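Geometric and topological summary
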Amino acid sequence: MNLKLKVWRQSDAHAKGKMVDYSISGIDGDMSFLEMLDILNENLINEGKEPVEFDHDCREGICGSCSLHINGEPHGPDKFITTCQLHMRKFKDGDTIVIEPFRATAFPVIKDLVVDRSSFDRIQQAGGYISVNTSGNTVDANAIPVQKEAADTAMDAATCIGCGACVAACKNASAMLFTSAKVSQFALLPQGQVEATERVKNMVRQMDLEGFGNCTNTGACELECPKGISLDNIARMNREYLKANLKG
Amino acid sequence: MSALISSSIARKVVMALSGLFLVLFLAQHFTINLTSVIAPDTFNEWSHFMGYNPLVQYILQPILVAGIIIHFVMGIALEIQNNRSRKIGYVRYNGSANAPWTSRNMIITGLVVLAFLGLHMYDFWVHEMAYKYLEGNPEDPTRYYAETVEKFEPIWRTVIYVIAFVLLALHLWHGFSSSFQSMGWNNKYSAGLQTFTKIYAIAIPAGFVFIALYHHFNPITH
Ligand code: HEM
Ligand code: SF4
Ligand code: FES
């Protein structure tokens with residue numbers, strides 16, 4: 001396969017940045033999107049040029065590092081996958097592929113296609129934990145009975161890998177899907193009840209402070225989420241938030 | 001409390017509650033208007049009641065105006081904030097790949113409705129105020145039907161009304177069901193509620209369109 005690439009190049013956080021055109025050939029349909037970028041980078045290095053920076057780690061859809069906005073969608077045209085799971089067979093010979101970093105004021109570009117997603121870490125740190133006694137008499141989590149449905153729904157929420165595709169897809173760059181997944185995974189479990197009120201308030205406050213947008217309920221996040229995190233989590237977070245504030 | 005007011009979720013709740021309030025008002029407005037087609041005398045009676053009842057005039061009407069102002073001021077505030085959340089946009093953004101047009105263009109459909117409200121207030125409210133307070137005319141409980149039908153005589157006004165209601169339908173197609181999500185009201189009734197909101201979003205504006213066209217094509221012959 002021969003392809004034309006339009007790739008966002010930006011030398012550092014303060015540089016202006018621009019789209020740069022590349023041609024690439026010999027791409028196999030069985031390659032992953034990141035392998036295609038590896039080849040682009042090998043070519044660039046051989047030509048004595050600066051390779052394109054992009055994030056990746058596990059390359060099997062579990063770490064959430066790989067990002068990329070491909071042809072107008074986070075993680076490209078396929079659904080329920082990360083960029084490392086995107087196969088080149090989704091493209092045709094001669095296609096032009098536009099590759100951009102995730103765009104959000106709260107995800108500033110560090111270099112080329114790499115963005116700083118530490119705003120997610122700060123949301124998580126604001127309340128995404130439970131207090132457990134670890135001083136020698138730790139209680140086995142399984143000792144507390146949990147209703148099966150609640151356990152399943154909490155587990156579904158906990159599959160969020162913090163990739164940021166939800167923010168990247170949203171027309172408002174809202175982080176409601178991510179934050180609501182992190183709120184829900186605890187809100188549904190007995191272990192999460194102790195901090196329930198403060199958790200949702202603090203996480204939402206941090207989310208707003210980071211400069212993410214407001215939710216318009218377009219549903220773009222849910223469709224672009226590699227883990228299929230449900231919009232129900234957002235409704236649950238809204239409910240938890242209202243309850244927490246009405247309680248005082 | 002101040003933390004609550006400045007939070008993104010609280011703003012969404014304000015948007016949803018004011019929107020739901022306007023949805024309720026719309027149903028009431030439609031019911032009265034419908035009588036102008038099926039029972040002109042009832043239409044006169046109810047219009048007169050709405051125009052002179054102190055509870056409606058001094059309590060309900062100001063609440064309605066406040067509801068509209070809160071809804072559109074908050075809508076514009078959200079829009080400004082949302083634009084700030086992505087200062088550098090995408091070169092290529094395939095919005096239709098993952099979200100319906102109606103959900104992505106609430107500000108456009110909303111602002112068209114707002115522009116229409118300008119004309120609508122001029123047509124009925126300004127006229128009413130002038131009639132009652134400036135010209136000091138006496139109460140006439142029989143004038144409303146003829147005045148209303150007359151309004152739809154010019155084709156341009158009828159067309160504007162029809163277009164505005166199509167955009168209102170698009171606004172409500174996303175907005176009505178969205179407001180339940182904003183409020184966190186999802187439960188075993190959600191699927192049924194969704195269907196109801198979609199039917200409402202089409203049926204009520206279509207009803208208003210029908211009334212406008214009906215009066216346009218059935219003018220009162222003097
Ligand atoms: C006055 C002109 C109007 C403007 C400028 C306007 C603007 C907006 C905007 C921008 C939103 C989306 C907010 C967001 O979630 O990001 C919205 C939502 C909504 N609007 Fe309007 N609108 C107007 C009139 C109306 C009317 C007349 C009705 C009902 C009859 C209505 C009902 C709703 C509802 C139910 C929502 C959904 C709220 C939610 O998602 O929680 N709007 N409006
Ligand atoms: S909710 Fe989905 S899209 Fe958003 S960060 Fe989590 S896994 Fe990624
Ligand atoms: S590299 Fe880990 S999810 Fe793609």
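The following paragraphs examine the structure supplied in this document. (Residues numbered from 1 in each chain as written. Chains lettered and ligands numbered in written order. Predicted model: local features only at pLDDT ≥ 70, side-chain atom pairs only at ≥ 80, totals over all residues. Heavy atoms only, no water.)

**Observations concerning the overall build of chain A**
- From N to C terminus, chain A includes eight helices and seven strands.
- Along the first, second and third principal axes, the C-alpha set of chain A runs to 60 × 40 × 35 Å.
- Among the 248 residues that make up chain A, the fraction classed as buried is 52%.
- Within chain A, counting contacts between residues at least 6 apart in sequence, those at least 24 apart form 68% of the total.
- When the accessible surface of chain A is totalled, it reaches about 10900 Å², and 50% of it is carbon and sulfur.
- Charged side chains in chain A number 26 positive and 33 negative. The centres of these two groups are separated by 5 Å. (Helix = DSSP H or I, 4+ residues; strand = E, 2+ residues; numbered from the N terminus. Buried < 20%, exposed > 50% of the residue type's maximum accessible area, 1.4 Å probe, protein only. Contact = heavy atoms within 4.5 Å. Areas by Shrake-Rupley, 256 points an atom, 1.4 Å probe, with all protein chains shown as cover. Lys, Arg positive; Asp, Glu negative; His and termini not counted. Charge placed at Lys NZ, Arg CZ, Asp CG, Glu CD.)

**A closer look at the site of ligand 2**
All names here are of chain A.
- In the region of ligand 2, 13 residues are neighbours, and C160, C163, G164, C166 and C225 sit closest.
- Elements that contribute at least two residues to the shell around ligand 2 include exactly α4 (165-169) and α5 (176-187).
- Class assignment of the residues belonging to the shell around ligand 2 gives a composition of eleven nonpolar, two polar and no charged. (Near = heavy atom within 4 Å. Nonpolar A, V, L, I, M, F, W, Y, C, P; charged D, E, K, R; others polar.)

**Focus on the environment of A:L189**
Residue and element names in this part refer to chain A.
- Relative to the assigned elements, L189 resides in the loop between α5 and α6 (196-209).
- Take L189: its relative accessible area is 22%, and that puts it in the partly exposed class.
- Taking the C-alpha atoms as reference points, L189 and D232, separated by 43 residues in sequence, lie 16 Å from one another.
- Non-local contacts of L189, meaning those with residues more than four positions away in its chain, are made with V146, A150, A151 and A154.

**Focus on the site of ligand 1**
- Surrounding ligand 1, one finds 26 residues, the nearest of these being B:K12, B:H71, B:H171, B:S178 and B:S182.
- Ligand 1 sits at a junction of chains, with neighbouring residues supplied by chains A and B.
- The contact in question runs from an oxygen atom of ligand 1 to an N or O atom on the side chain of B:K12, over 2.4 Å.
- Counting residues per element, the ones that place at least two in the shell around ligand 1 are α2 (8-38), α4 (54-84), α6 (106-134) and α8 (155-183) of chain B. (Polar contact = N/O pair within 3.5 Å; in protein donor to acceptor, adjacent residues only side chain to side chain.)

**Section: the interface of chain B and chain A**
- Facing 39 residues of chain B, the contacting portion of chain A comprises 46 residues.
- Summing the contributions of chain B and of chain A, the shared interface buries around 3400 Å²; its carbon and sulfur component is 50%.
- Where chain B packs against chain A, one counts zero salt bridges.
- Applying the counting criterion to the chain B and chain A interface returns 34 residue pairs in polar contact (both at pLDDT 80 or more).
- For the side of chain B that touches chain A, the secondary-structure elements that each account for two or more residues are α1 (2-6), α2, α4, α5 (101-104) and α8 of chain B. (Buried area = accessible area lost by both parts, 1.4 Å probe. Salt bridge = Lys/Arg side-chain N within 4 Å of Asp/Glu carboxyl O.)

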